[in-house]
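Okay, here's what each chain looks like letter by letter:
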Amino acid sequence: ETTEAAKTQSADSQGVKKVRSCCRGCGKVECGVWVYVQDGKVIRTEGDEECFLTMGNHCSKGQASIQAAYHPDRIKYPMKRTNPKGSEDPGWVRISWDEAYQTIADNIMQIRDKYGPESLFTWCGTGRQWCMQSDAGMALELFGTPNIIAAYQVCKGPRHFASRLDNVQAYSWSEVINHSNVFVQWATDQSISNYDDASRTVVDVARQADTFISVDPRETNLGRKAKYWLNLRPGTDNAMALGWCKVILDHDLQDDLFIKRWTNAPFIVVPDMEPTGYEEQVQNGGGAKPYDYRTRLLTEADIDPSMVDWEVEGDGNPLRYLVYDQLNGRWTYWQADPADAHWEGETWAKQTSGFTQDVSRMRDDAGKVAGWVADLSEFDPLIDPALYGEFDVVLKDGSVHTGRPTWDIWAEYLGNFTLDKVSEITGVDAQLIEDACVEWATRVDPRIPNGGINYGLGTEHAGNSTQNCRAIMAACAMVGAIDTPGGQRGATNGWTEQSGPCSMLPSMAAFAFMPDAELSLKMAGNDKMPLLYWYSVWCDCNAAMEAAHQEPDAPYRIHGGMIGSGDHMSMGNARYNWEALTMLDFLFEANLWHSPTSGAADILLPVCHWTEINAFRIAQGSGGSFSLCIKAVDPPGECKSDPLYFMELSKYFGVPAFDGDDPWLEKSGKDMEIENLTIQCCQQGCAPFDTWEELAAAYQEHGTWNMKKEIPQDWGTYRRFEVGQAYRKAPHQQPAQLDINIPGFPTPTMKHELWCTSIESYYPDGTDGPELAPGFKSEALPYYQEPPHGSVADAKTYEEYPFTCITGRRIPVYFHSEHRQLPWCRELWPVPRMEINPVDAAELGLEQGDWVWIESPWGKVRQTVDLYYGIAPGTINAEHQWWYPELAQADKGYELSCINCITDRTTQDKYNGSSNVRTYPVKVYKATPENSPFGNPVPCGNDGTEIIHDSSDPRLKLWEIGAAGVHPDLFE
Amino acid sequence: MELQWPLILFTTLVAWSAGLFGTQALLAAGGHAKRSQLPAWVASAALLAVGGVAVFFHLEHWERIFNGFGHLSSGITQELVAIVVLAVVAIAYLAAMRRSDDGATAPKWLCWAAVAACAVLVAAMAHSYTMAARPAWDSALWILYVLGNACVLGPCTMALVMAVRGDDLAPAGLPALVGAALAAVTAIAFAAFLQASGGSFAEVGYYFDPTHPTAGMADAASAVAAQAPLLWIGAVAVGGILPLAAALMGRRSGNWKLWGAAAIACALAGAVCLRVVFYELGLSVFMFY
Amino acid sequence: MTQYAIVTDLDRCVGCLACSVACKVVNGVPTGSFWNKTLRIGPNPKEGGSGQWPDVELYFLNVGCQHCAEPECVKVCPTEASHIAADGTVQIDKSKCIGCQFCAMACPYGVRYLNEDEGVVEKCTLCEQKIAQGELPQCVSQCCGMARWFGDAEGDVREFRGPRGETAGEFLEEFSDEQVHKLPDVGNKPSFAYILRDMKWQGGE
Ligand SMILES: Nc1nc2c(c(=O)[nH]1)N[C@H]1C(S)=C(S)[C@@H](COP(=O)(O)OP(=O)(O)OC[C@H]3O[C@@H](n4cnc5c(=O)[nH]c(N)nc54)[C@H](O)[C@@H]3O)O[C@H]1N2
Ligand SMILES: Nc1nc2c(c(=O)[nH]1)N[C@H]1C(S)=C(S)[C@@H](COP(=O)(O)OP(=O)(O)OC[C@H]3O[C@@H](n4cnc5c(=O)[nH]c(N)nc54)[C@H](O)[C@@H]3O)O[C@H]1N2
Ligand code: SF4
Ligand code: SF4
Ligand code: SF4
Ligand code: SF4
Ligand code: SF4
Ligand SMILES: [Mo]
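Labelled according to an unreviewed UniProt entry, chain C appears under the name 4Fe-4S dicluster domain-containing protein, originating from Rubneribacter badeniensis.

For chain B, the name recorded in an unreviewed UniProt entry is Dimethyl sulfoxide reductase anchor subunit, with Rubneribacter badeniensis as its organism.

If you want it as structure tokens, here you go:
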């Protein structure tokens, strides 16, 4: 039954009504749209031109997504497999929801009883806000397992992880919508990806910027218009960023006041001191989750009290970080105690001096909401923390050591990243790097930096994501672009948390089932990557798959789990993952389709299309919007929304969905979804409405809300660390809290941590880091390492596999694996294409359109040649997550072209485990009848059926709305 | 552009038909080929009819041609008008023959009118393909070439008919030779034009059409190169030079049964080859869509 | 006189293909056929550059019926099925079309095709059903680069309208008349135009 909000929209003379909603053709941005409904069916969707966030954007896949809603091959009923795993045909038969729920609960609980909760996992994909239940929700509340596999581990998660290390989780996001005069697109092209900002916005920002800089190995669709194209060697972003840091330093473009007052750059590193600390708590995950905080930054607790001129109480306060005040020639301190944070002699108070943001560059009336920019506060009493120098420090045991400000060490380390050196590493012209960086870092308005760095996915996939992101963040912090207009300001704060209805059940009681610290420590991969526990968001996918694959050296075995909104092709090695999934005792999947992954499942649950669901949609990035997804039509067959099935399933696990004596609302007769939304938006959240219905009705009238206007004290304020609003621990997106009143950042030092004390705590030996003092290595500063499978670090393999393979630039009509069966999408992009420089192609005898084998030491797949003069010779760019829904086999032919079948699953970022899915060696050669199965260079299914490779393929017509379908489930 | 077989047949058969009718009228104007007049007329009409049937295969809705056919700027309309005119002339010609004493004579003015109508029809038909949009088609040489087809096919066919019917073959020799020579010259001229046409298409360098990921890039120069054998061996050597040689032999030997048939076969083969090339190179100026 | 047309700012077109799908959504174009396509032109070596990567330039070019002022397709149509409508757009009266496809041959851009099911030729109608209601063509209103603008080519391009009520003159970056290009004109006088500021326009005018 559609909601009141949808009903209240009046119909026109043809009976067509217009429902205001928010698109989810992808999961990346909240495009406001109009959904046109006639006779209970959606007939088209269009951009909502009043949505200030996206300027009325509605991309190809968003518009095409009605073909998903009414697709003849969509699954509409719960199903179970009747043939053993490994069969070409799973033999799906229709079952009731009750049977599905019961089977799931029985199997999962049985495995949990037998092998413990760590033998279970959940796996979710990306961005689809209302199916993240499988992640935080289902794993923690129903299964009780810490093993959450999430696409987030290879996507945005590493940036959020790195920014949580540095300052605030998700400050990796810069405020693109600010229309800054300098716009940097680094390892991203949102004109196609609509990544947290819509194509329309991004194109306009780039066009209007005085300077547009693209940092990308390829010429991109939007980057082609850049004033500076820093065409770096893949995987060397970190070196480029360190080069920028060096340029900033050499040109004296750093923001000294920000650095001294709000970063830990003036804190004193004592290299030869034993690290000290105390027990700290990880930021999220619920309950007490302690870890040992240990740092070589000098605190009051380390020193001989005689060193300082104030009274040291007791053993000294380990939260007091020493700095040397060169103005007054004495030591002083910053006290990083959230309950009483201050510089010596100061009493912290919210900054009141500031100015109103200039919004004249913005385009849009609703978007032109001027924020208030807090001025950087001055030291009062005036001090001048030393950034350079060597200082004698006397430790408690009387030993005398040399301490140096972090900055001094940083500046020295940056000496390794001169323009010439960076040019040598990255392959980019030195002058170009310098000019671009100077233009970015030189302020137009002296009060604020020009803007931050809008960095994207490409930084995360070369096996060195954490430090890549940290180096870029360091450049931003050096110029002071932290929570400034256009700067790194993180996830929008608004009326609700982010993850859609039901990232958790609405009941508080359900939290009782969350894994405790001990169980959390068992999360897959934590033995190798201990920061996973510290982060408490994902377990390592690869380690979980090893446990499922029953590897002898895995710490334990995984026996069962679920996948919802994700797939096995996204990270690690797809073939290995597939094998692992087929070895499980039990797996269930929620999807709209028979995906390749569902071929390994025992139970399939049919879920809703975005036009069939209600949800709140807060901007994921720094766009500042709040919109709603409105159920415009009823779902077909027995499809249920993901949140609904999660709540209903909870009953079978005996976990209360709602608080009170009627936890499944059976007696009340209330609609669970609506009730949940009311609780999440208006009770746990702070939307100024009493019920979902009121909120939804208001949305029809008002359209997208601007959080700068709605919560000026928070989202409408810049430099929130000055007013006590930046100290927001993870998860990053929570309903607005207007009275945090804690200065600085939620790091242990409460500063932006150029010197990362969390890494230092977990990696005290700093083995992989640079030698910062004789015999002293550390990974605490952002440091550069060659990408593990790049042409330098892995030169040997390149002798046989001479090309560097990058992957994943976005295909406009697809969302990862999604939409391959939509005629309007597939006809525009029938097959995967591999970009190659025409000079290389000529040498290999390849022509436009040829099928080629792309082979690495770990596998081979076929894609087609696209002669692309925008990529460097020696590099190819392949497409990811291809599969062929037209094939009648359980795995849907993912092995034919899915590029993650050829990755080395064991190379990962050392801190967060993100997979190395770009920047690795391959060779490329023409597919011929001789070297191809079935004597056909065109990929074929197991029975020899060719895939669809041409827009004229008649099978595409079978997928039109109302057509017969290629493999429909025909249940009578 | 894909090969349009109905049109390939149509244009070939019309040229043949008109050439034949024109030749018979030409000879009739000189008082020759009496025995062959009627059979030639019938053959010509039959060729036209078959051509007409062929062209209907190209139309999707021929039933609609009665609801609004007649837009005068259209080449097809002009062609249709020419066909109608020719049909009127041909019927008048037939009537005049039937009414004449020997059953094979038409007034001189009508003979010349028939020759003219034939030439006009062939020219009009060919002209409807000369489109600025298709550089390889957009040339008067194409019209001359199709006229050349008529000039070789008509006289050689007429000579063959005359040989079969036992007419005096002497008057057939010169038209056949001249016609074959014209055909050869126009074939060479148009082939040279086609060969050079590669340069007249818009060039955009590297490009990509997302809907055809497995196709190579359109490249007029290489398309021309790929057609060169068919063009020069098929259309020019077989379709131009051989008929000329055959006509020479026919005239010298008088064995038009053999040499006439040979000339026709070669000319037809050449005409089809050239039309294949014509379509293969019939790319639009902007050939990337 | 009116001559409705679309002008595309190629410096804003990002090849996102939203225009192609938009057309499908409202016009019932058969699967496998297209009323507009966005071609990638290049990357090609820049004039005066090193002649190789990275000195390359690239743009995207949306091609469809150009609603020519002197359309060849209309000239060759024997039935007057193809005709110029009062608003200057070139339309096909499907009930008159005999499917002879001469129009398709006569179009310099190859944008017409035979609809196999109906046996008639089709192409972009400039969303006649929408523009007649004062609305924008769908590929204009849904363009993700806000690259496409609709208006009367007899008038000023700067007055062309975009999806959110702005005009091209207000919204787009400056451009001069020399920066406004047309597809190769063989006498058909295309009325669509393309703005390309600082790259080489490929393919002649
Ligand atoms: N080589 C390479 N690999 C990559 C990348 C790359 O660039 N290169 N990119 C990576 C990135 S950034 C990401 S985010 C991942 C994405 O990886 P995934 O998120 O795993 O991939 P998707 O294809 O987006 O989604 C998986 C499934 O969700 C289903 N689905 C869609 N809507 C719903 C819904 O409402 N409910 C439910 N239950 N299911 C739904 C889809 O049908 C599909 O089967 O891939 C990563 N993998
Ligand atoms: N149409 C569409 N849109 C999508 C998606 C989709 O699948 N389809 N997926 C969505 C998701 S989940 C995500 S995460 C986003 C990602 O969207 P983006 O952040 O825009 O990422 P990509 O397009 O994968 O890659 C961006 C660029 O990274 C470059 N690159 C590759 N390797 C390197 C490198 O080592 N260094 C640098 N500097 N650049 C490199 C590539 O050349 C490419 O141009 O897109 C989202 N939007
Ligand atoms: S970018 Fe995503 S949300 Fe926006 S229209 Fe496209 S699919 Fe929909
Ligand atoms: S572009 Fe082609 S189809 Fe359109 S009006 Fe011009 S000639 Fe006719
Ligand atoms: S196909 Fe139709 S529209 Fe085209 S020329 Fe023939 S009759 Fe006219
Ligand atoms: S103007 Fe309308 S009909 Fe023409 S291409 Fe655009 S959307 Fe299609
Ligand atoms: S929608 Fe606009 S930006 Fe996208 S390809 Fe089409 S014309 Fe270009
Ligand atoms: Mo992603």
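What follows deals with the site of ligand 2. Residues and elements named next belong to chain A. The environment of ligand 2 is made up of 33 residues, and the closest members are S193, D216, G235, D237 and Y814. One nitrogen or oxygen atom from the main chain of D189 is found 2.8 Å from an oxygen atom belonging to ligand 2. In the environment of ligand 2, a nitrogen atom lies 2.6 Å from a nitrogen or oxygen atom belonging to the backbone of S193. Within the complex, the protein chains bury 99% of what would otherwise be the 910 Å² of accessible surface of ligand 2. When atom positions are compared with the pocket grids, ligand 2 is found to occupy the largest cavity. Among the residues forming the shell around ligand 2, the class breakdown is 15 nonpolar, 9 polar and 9 charged.

Of all hydrophobic cores here, the largest spans 163 residues; its most connected members are W186(A), I213(A), M240(A), W244(A), W410(A), W440(A) and I453(A). The element best represented in this core is helix α14 (residues 465-479) of chain A, accounting for 10 residues.

Interface size, as often reported, equals the accessible area lost upon joining of the parts. Tallying the contact residues gives 40 residues for chain B and 48 residues for chain C. Summed over the three residues of chain B that lose the most area to chain C, namely H71(B), F286(B) and Y289(B), the buried surface amounts to 22% of that side. When the shortest N-O distance is used, the salt bridge between D209(B) and K37(C) registers 2.9 Å. For the side of chain B that touches chain C, a count of residues per class yields 21 nonpolar, 14 polar and 5 charged. Here strand β1 (residues 207-208) of chain B pairs with strand β2 (residues 36-45) of chain C via 2 bridges, running antiparallel. Considered in β2(C), the bridge of F208(B) is made with R40(C).

Moving on, we come to the interface of chain C and chain A. Between chain C and chain A, the residue contacts involve 49 residues of the former and 51 residues of the latter. Between chain C and chain A, the buried area comes to about 4000 Å², and carbon and sulfur atoms account for 54% of it. Considering only the surface of chain C that becomes buried against chain A, T31(C), W53(C) and R164(C) emerge as the three largest contributors, covering 20% of it. Between chain C and chain A we count 9 salt bridges in total. The partner of K225(A) in a salt bridge is D11(C), and the shortest N-O contact between them spans 2.8 Å. Here chain C and chain A share 24 residue pairs in polar contact (both at pLDDT 80 or more) between them. For the side of chain C that touches chain A, the secondary-structure elements that each account for two or more residues are α1 (18-27), β2, β3 (56-64), α5 (138-141) and α6 (168-171) of chain C. Ranked by residue count, the leading element in the side of chain C that touches chain A is α1(C), at 7 residues. Partitioned by chemical class, the residues of the side of chain C that touches chain A number 27 nonpolar, 11 polar and 11 charged.

This part takes up the side chain of H71(A). Residue and element names in this part refer to chain A. By the element assignment, H71 lies in the loop between α3 (66-69) and β4 (79-80). Looking at H71, its side chain comes within polar contact range of the main-chain nitrogen of D73, at 2.9 Å. A distance of 2.6 Å separates a polar side-chain atom of H71 from the backbone oxygen of Q821. Each residue touching H71, except ones within four places of it in the same chain, is listed here: K76, W593, Q821, L822 and W959.

Turning next to the site of ligand 3. Around ligand 3 sit C23(A), G25(A), C26(A), V29(A), C31(A), H58(A), C59(A), K61(A), G62(A) and N194(A), and that is every residue in its neighbourhood. Looking at the shell around ligand 3, its residues break down into 5 nonpolar, 4 polar and 1 charged.

For the rest of this paragraph, the subject is the layout of surface pockets. The gaps left among the atoms become clear once a water-sized probe is rolled over them. Residue and element names in this part refer to chain C. In this structure, the largest pocket occupies an estimated 1500 Å³ of space. It is strand β6 (residues 113-115) that provides the largest number of residues to the lining of the largest pocket, a total of 3 residues. Across the lining of the largest pocket, the residue classes tally to 22 nonpolar, 17 polar and 11 charged.

With that settled, consider a nonpolar patch on the surface. Side chains of I188(B), W232(B), I233(B) and I241(B) sit close together on the surface and give an oily, nonpolar patch of about 350 Å² of accessible area. Along the chain, I188(B) falls in helix α6 (residues 170-197).

Turning to the sheet that holds strand β14 (residues 320-325) of chain A, a few remarks are in order. Residues and elements named next belong to chain A. The 3 strands are arranged β14-β15-β16 in an open sheet whose pairing can be described as antiparallel. Either end of the sheet is taken by a strand with one partner, and the two such strands are β14 and β16 (342-343). The pairing of β14 with strand β15 (residues 330-335) spans 6 bridges and is classified as antiparallel. Along β15, the bridge assignment pairs D325 with R330.

This part covers unusual backbone geometry. Note that the residue after G42(C), namely P43(C), is joined by a cis bond; omega there is -5°. The residue after W53(C), namely P54(C), is reached through a cis peptide bond having omega 0°. Examined against the element boundaries, P54(C) turns out to sit in the loop between β2 and β3. Positive phi values are uncommon outside glycine, yet Q881(A) reaches one of about 55°. Tracing the backbone shows Q881(A) in the loop between β35 (875-878) and α27 (894-897).

Moving on, we get to the side chain of R40(C). Counting through the fold element by element, R40(C) comes out in strand β2. Judged by relative accessible area, R40(C) falls into the buried class, the value being 6%.

Attention now moves to the packing of aromatic side chains. Enumeration according to the criterion identifies 63 aromatic pairs over all chains in this entry. Ring centres of W244(A) and W440(A) lie 5.2 Å apart, and the angle between their planes is 45°; on these two criteria the pair is classed as tilted. Separated by 196 residues along the polypeptide, W244(A) in helix α9 (residues 237-250) and W440(A) in helix α13 (residues 430-441) bring together distant segments of the chain. The exposure class assigned to W440(A) is buried, which follows from its relative accessible area of 1%. Centroid distance F56(B) to W62(B): 5.6 Å. Interplanar angle 80°. Geometry classified as edge-to-face. On the basis of relative accessible area, F56(B) is assigned to the partly exposed category, the value being 33%. With relative accessibility at 45%, the residue W62(B) sits in the partly exposed group. Pairwise contacts between aromatic rings join Y129(B), W137(B), W142(B), Y145(B), F190(B), F193(B), F278(B), Y279(B) and F102(C) into one cluster. Just above the ring of W34(A) sits the side chain of K18(A); from NZ or CZ to the centre is 4.3 Å. Against the face of Y576(A) rests R905(A), its NZ or CZ located 3.8 Å from the ring centre.

The rules behind each value
Residues numbered from 1 in each chain as written. Chains lettered and ligands numbered in written order. Predicted model: local features only at pLDDT ≥ 70, side-chain atom pairs only at ≥ 80, totals over all residues. Heavy atoms only, no water. Near = heavy atom within 4 Å. Polar contact = N/O pair within 3.5 Å; in protein donor to acceptor, adjacent residues only side chain to side chain. Areas by Shrake-Rupley, 256 points an atom, 1.4 Å probe, with all protein chains shown as cover. 1 Å grid on protein atoms, 1.4 Å probe; cavity = no way out; pocket = protein on both sides within 12 Å on 5 of 7 lines; lining within 4 Å. Sits in = over half its atoms within 2 Å of the grid points. Nonpolar A, V, L, I, M, F, W, Y, C, P; charged D, E, K, R; others polar. Core = buried A, V, L, I, M, F, W, Y, C linked by side-chain atoms within 4.5 Å. Buried < 20%, exposed > 50% of the residue type's maximum accessible area, 1.4 Å probe, protein only. Helix = DSSP H or I, 4+ residues; strand = E, 2+ residues; numbered from the N terminus. Contact = heavy atoms within 4.5 Å. Buried area = accessible area lost by both parts, 1.4 Å probe. Salt bridge = Lys/Arg side-chain N within 4 Å of Asp/Glu carboxyl O. Pairing = 2+ DSSP bridges. Points joined across faces, edges and corners; volume = space filled by probe spheres on them. Patch = residues over 30% accessible without salt bridge, like charges linked within 9 Å, V, L, I, M, F, W, Y side chains within 5 Å. Phe/Tyr/Trp six-rings, centres within 6.5 Å; stacked < 30°, edge-to-face > 60°. Lys NZ or Arg CZ within 6 Å of the ring centre and 35° of its normal.

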